[in-house]
Amino acid sequence: KELTRRMRSLPSGDPEDSNYVRIRYLRYADDWIVGVIGPKHLAETIKEEIRQFLKEHLKLELSQEKTRITHAKTEEATF
């Protein structure tokens, strides 16, 4: 148990590493947010891959008005 506690207290990556990337998914009712810690082009690539998946597999489309890429420290992301 002590080893597990110590292991969980260590960071899983170095946020100062230029190759560090973290992706999180958050859902509320029928809305969702994908959070990306990494370069903006990665967020744009993920957005395009999600758009393609929804279109090809689920026959759904992303709303162009609602779907946007923002910076969490300077802009709000609302559901």
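The structure presented is a predicted model; accordingly, all values stated were derived computationally and were not measured.

**Quick notes on the packing of aromatic side chains**
One pass over the structure, following the stated rule, counts one aromatic pair. Centroid distance Tyr-25 to Trp-32: 6.4 Å. Interplanar angle 35°. Geometry classified as tilted. The exposed category is assigned to Tyr-25, whose relative accessible area is 56%.

**Looking at the environment of Glu-2**
With respect to the secondary-structure elements, Glu-2 resides in helix 1 (residues 2–9). Judged by its relative accessible area of 43%, Glu-2 is partly exposed. Reaching out from Glu-2, the side chain makes a polar contact with the side chain of Arg-5 at a distance of 2.6 Å.

**Thoughts on the confidence of the model for the protein chain**
Residues of the protein chain with pLDDT of at least 70 account for 99%, and the chain-wide mean is 88. Highest mean pLDDT in the protein chain belongs to helix 2 (residues 40–58) (95); lowest belongs to helix 1 (88).

**Details of unusual backbone geometry**
Its identity as a non-glycine residue notwithstanding, Ala-29 has a phi of 55°, on the positive side. Position of Ala-29 relative to the elements: it lies in the loop between strand 1 (22–28) and strand 2 (31–37). Its identity as a non-glycine residue notwithstanding, Lys-59 has a phi of 55°, on the positive side. Tracing the backbone shows Lys-59 in the segment after helix 2. Judged by relative accessible area, which is 67%, Lys-59 ranks as exposed.

**Description of the environment of Glu-16**
Following the sequence through the fold, Glu-16 ends up in the loop between helix 1 and strand 1. Classification of Glu-16 as exposed rests on a relative accessible area of 72%.

**Regarding the pairing of strand 2**
Relative to strand 2, strand 1 runs antiparallel, the two being bridged by seven bridges. In the sheet register, Arg-27 faces strand 2, and the bridge partner there is Trp-32. The antiparallel pairing of strand 1 with strand 2 creates a hairpin that spans two residues between the two strands, and Ala-29 there sits at a positive phi of about 55°.

**Some details on the pattern of salt bridges**
Tallied over the entire structure, the rule returns two salt bridges. Here Glu-2 and Arg-5 are joined by a salt bridge, their closest N and O atoms 2.6 Å apart. With Glu-2 and Arg-5 both in helix 1, this residue pair falls three residues apart, about one helical turn. Of the charged contacts in the structure, one is a salt bridge between Glu-48 and Arg-51, with a shortest N-O distance of 2.5 Å. Of this pair, Glu-48 and Arg-51 both sit in helix 2, separated by three residues, roughly a single helical turn. Residue Arg-51 is classed as partly exposed on the basis of its relative accessible area, which comes to 29%.

How each quantity is defined
- Residues numbered from 1 in each chain as written.
- Predicted model: local features only at pLDDT ≥ 70, side-chain atom pairs only at ≥ 80, totals over all residues.
- Heavy atoms only, no water.
- Phe/Tyr/Trp six-rings, centres within 6.5 Å; stacked < 30°, edge-to-face > 60°.
- Buried < 20%, exposed > 50% of the residue type's maximum accessible area, 1.4 Å probe, protein only.
- Helix = DSSP H or I, 4+ residues; strand = E, 2+ residues; numbered from the N terminus.
- Polar contact = N/O pair within 3.5 Å; in protein donor to acceptor, adjacent residues only side chain to side chain.
- pLDDT = per-residue confidence, 0-100.
- Pairing = 2+ DSSP bridges.
- Salt bridge = Lys/Arg side-chain N within 4 Å of Asp/Glu carboxyl O.

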